Amino acid sequence: MKKILTLIAAAFTAVSLSAQTVQESKTLDNFYIGINGGVATATTGHAWLKDLVPNAGLRIGRNFTPVFGLAAESNVYFKNTNGHTTGTLVNGMNTSLLGTVNLTNWFGGYKGEPRLFEVSALYGFGWGHVFGHPTSEYKRDILTSKAAIDFAFNLGEKKAWQLYVEPAMIYALNGDGYQGVKYDINRSYFQLNAGLVYKFGNSNGTHNFKVAQLRDQSEIDALNDQINDLRGSLNSKDSELADKDKRISDLEKALNDCKNQKPVVYTKPATATNLQPTVIFRQGKSVVDPAQYASIELIANYMKNHKDAKVEIKGYASPEGSAELNQKLSQARADAVKTALVKKYKISADRLTATGMGATDKLFEQVEFNRVATFNDNSKEK
């Protein structure tokens, strides 16, 4: 019993070791089926290898790891070569549940596919039955135990087939079925069989275990570096979003402040008529944009309809820059509008006055509207 426990403990140790190196198996993976046949003879009581008993069997099993597996096997036995029989076609049978340990993979490690040659150990218990007519003295049931060594050759491109030779000792633990249970060589027989096994295809695309692709430390470090880079990028994005949120908040506050401010009212001189059209210029420019000619055309039409109208064109600049520069810029803007009225709309130059007013920050609330030219009809001065 101590030997049995030691074997089981060693097998489970192998399970834990091999499970760390191969891919996980699904429920229906690593099953196999096989047939076997050979001869058996009583271990003691007669000349060695005489009175041989031919047998044939079927084995179905599953490997849980490259080291440990479990198999169910049943063999039937025919009459002896000397003609002895119990009176039936099949004289006896033995059905066993066997634990298997691949010694080659246990001690040599599993390299990703089975080796050409492997050695495995098998051990287990079973039920034996001797057949006979209802009144036959041979008919009985026996508790059995089997210990064997498989010398196996893995064949084929995918190692799906296995051919093995198996010497084994099979014990009738309770003798003829009525004796006490024990391992006794006088209650045993030696068996030599050969077998052929087919291993079914697995979910990993092979007929055997597949080694897991483990990552080395350099790969792990590289992955950690990528994770840290992504985290840094994410933190940077969060900071950018926070800045954008603040800018949006500031703009919303400025918009609300503008809405709450009272509009600036411009009071025109009592002696002049302020003409509504306004020409807006770009920052630092005195060239009239095409879109601004609509305002100039309104003034031209006004002057054509009022033959006595004399218009003063006032140019302005925004507060940026020096006073001297703003004065020149405002004058250039007024002159540009006057030139457009004279050349494009054929308004007499002596009816137009262009005056640069310099910089202003009071005429209009929005800074860009301070870059303008306005019109006054001075023909109505008192």
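Rules of the game
- Residues numbered from 1 in each chain as written.
- Predicted model: local features only at pLDDT ≥ 70, side-chain atom pairs only at ≥ 80, totals over all residues.
- Heavy atoms only, no water.
- Helix = DSSP H or I, 4+ residues; strand = E, 2+ residues; numbered from the N terminus.
- Buried < 20%, exposed > 50% of the residue type's maximum accessible area, 1.4 Å probe, protein only.
- Contact = heavy atoms within 4.5 Å.
- Areas by Shrake-Rupley, 256 points an atom, 1.4 Å probe, with all protein chains shown as cover.
- Pairing = 2+ DSSP bridges.
- Core = buried A, V, L, I, M, F, W, Y, C linked by side-chain atoms within 4.5 Å.
- Axes fitted to C-alpha atoms, helices over the stretch in contact; angles between N-to-C directions.
- Parallel < 35°, antiparallel > 145°, perpendicular 65-115°, else oblique.
- Left-handed = near helix turned anticlockwise from the far one by under 90°.
- Phe/Tyr/Trp six-rings, centres within 6.5 Å; stacked < 30°, edge-to-face > 60°.
- Lys NZ or Arg CZ within 6 Å of the ring centre and 35° of its normal.
- 1 Å grid on protein atoms, 1.4 Å probe; cavity = no way out; pocket = protein on both sides within 12 Å on 5 of 7 lines; lining within 4 Å.
- Points joined across faces, edges and corners; volume = space filled by probe spheres on them.
- Nonpolar A, V, L, I, M, F, W, Y, C, P; charged D, E, K, R; others polar.
- Patch = residues over 30% accessible without salt bridge, like charges linked within 9 Å, V, L, I, M, F, W, Y side chains within 5 Å.
- Salt bridge = Lys/Arg side-chain N within 4 Å of Asp/Glu carboxyl O.
- Lys, Arg positive; Asp, Glu negative; His and termini not counted.
- Charge placed at Lys NZ, Arg CZ, Asp CG, Glu CD.
- Expected span 1.5 Å × (residues − 1).
- Arc of directions from axis to C-beta.
- pLDDT = per-residue confidence, 0-100.

## As for the overall build of the protein
The secondary structure content of the protein amounts to five helices and 12 strands. Looking at the protein as a whole, 36% of its 382 residues qualify as buried. Intrachain contacts of the protein at a sequence separation of at least 6 include 65% that bridge at least 24 residues. For the protein, the accessible area works out to roughly 22900 Å², and carbon and sulfur atoms hold 59% of it.

## Structural notes on the pairing of strand β7 (residues 161–172)
It is a general feature of regular strands that their side chains alternate between the two faces of the sheet. In this structure, strand β6 (residues 140–155) lies alongside β7, joined through 10 bridges in antiparallel fashion. Paired with S145 across the bridge in β7 is Y171.

## So, unusual backbone geometry
Backbone geometry at N30 places phi at a positive 65°, although glycine is not the residue there. One can find N30 in the loop between α1 (2–18) and β1 (31–42). Relative accessible area serves as the criterion here: at 5%, N30 is assigned to the buried category. For K346, which is not a glycine, the phi torsion comes out positive at approximately 60°.

## Notes on the nonpolar core
One finds I296, I313, V337, L341 and F375 to be the most contacted residues of the largest nonpolar core, which totals 20 residues. Counting residues per element, the ones that place at least two in this core are α4 (293–305), β10 (311–317), α5 (323–343) and β11 (352–359). Each residue touching L341, except ones within four places of it in the same chain, is listed here: I296, I299, A300, I313, K346, I347, L352 and F375.

## Digging into the packing of α4 against α5
As a packed pair, α4 and α5 sit with axes 10 Å apart at the nearest point and diverge in direction by 60°. With respect to α5, the element α4 is oriented oblique. As α4 packs across α5, the resulting crossing turns out to be right-handed. Taking contact as the criterion, the partners of Y293, I296, I299 and A300 in α4 are, on α5, V337, A340 and L341.

## Brief notes about the packing of aromatic side chains
Counting across every chain of the model gives nine aromatic pairs. Ring plane angle 80° and centroid distance 5.7 Å describe the contact between Y123 and F125, whose orientation is recorded as edge-to-face. Every member of this aromatic cluster is reached through a ring pair, and the members are W161, Y198 and F200. Above the plane of the ring of Y345 lies K344, whose end atom (NZ or CZ) is 5.7 Å from the centre.

## Here we look at the layout of surface pockets
Here the largest pocket defines a volume of roughly 840 Å³. Taken together, 34 residues line the largest pocket, and the ones lying closest to its centre are V53, V130, R140, I142 and Y189. Sorting the residues of the lining of the largest pocket by element identifies β1, β4 (92–102), β5 (117–130), β6, β7 and β8 (188–199) as the ones contributing at least two each. The residue makeup of the lining of the largest pocket, split by class, is 13 nonpolar, 17 polar and four charged.

## What about a negative patch on the surface?
A surface patch of negative charge is lined by D216, D221, D225 and D229. Along the chain, D216 falls in the loop between β8 and α3 (217–260). D216 gets classed as partly exposed once you look at its relative accessible area, which sits at 41%.

## Some remarks on the sheet that holds β7
Two modes of strand pairing occur in sheets, parallel and antiparallel, and in both the strands are linked by backbone hydrogen bonds. Sheet architecture is closed into a barrel: eight strands sit in the order β1-β2-β3-β4-β5-β6-β7-β8, paired in antiparallel fashion. Across the sheet, the mean angle from the axis of one strand to that of its neighbour is 25°, orientation sign disregarded. Across 11 bridges, the pairing between β4 and β5 is antiparallel. Paired with N94 across the strands is G128, a residue of β5.

## A look at α4
For α4, spanning 13 residues, the distance from its first C-alpha to its last is 18 Å, which sits close to the expected 18 Å at 1.5 Å a residue. Looking at α4, one finds that the buried residues are S295, I296, I299, A300, Y302 and M303. An end-on view of α4 places all buried positions within 160° of arc, on one side of the element. In this structure, α4 carries L298 and N305 as exposed residues pointing more than 90 degrees from its buried face.

## Some remarks on the confidence of the model for the protein
Overall, the prediction assigns the protein a mean pLDDT of 83, with 84% of residues at 70 or greater. Across residues 14–19 the pLDDT falls below 50, and counting only partners more than four positions away or on other chains, this stretch makes seven contacts in the model. Across residues 263–271 the pLDDT falls below 50, and counting only partners more than four positions away or on other chains, this stretch makes eight contacts in the model.

## Some details on the environment of D335
Assignment of secondary structure puts D335 in helix α5. Counting along the chain gives 21 residues from D335 to K314, while the straight-line C-alpha distance between them is 9.1 Å.

## Re the side chain of N36
Along the chain, N36 turns up in strand β1. The residues touching N36, leaving out its near neighbours within four places in the chain, are N55, A56, G57, L58, R59, E73, N75, Y164, N193, A194 and G195.

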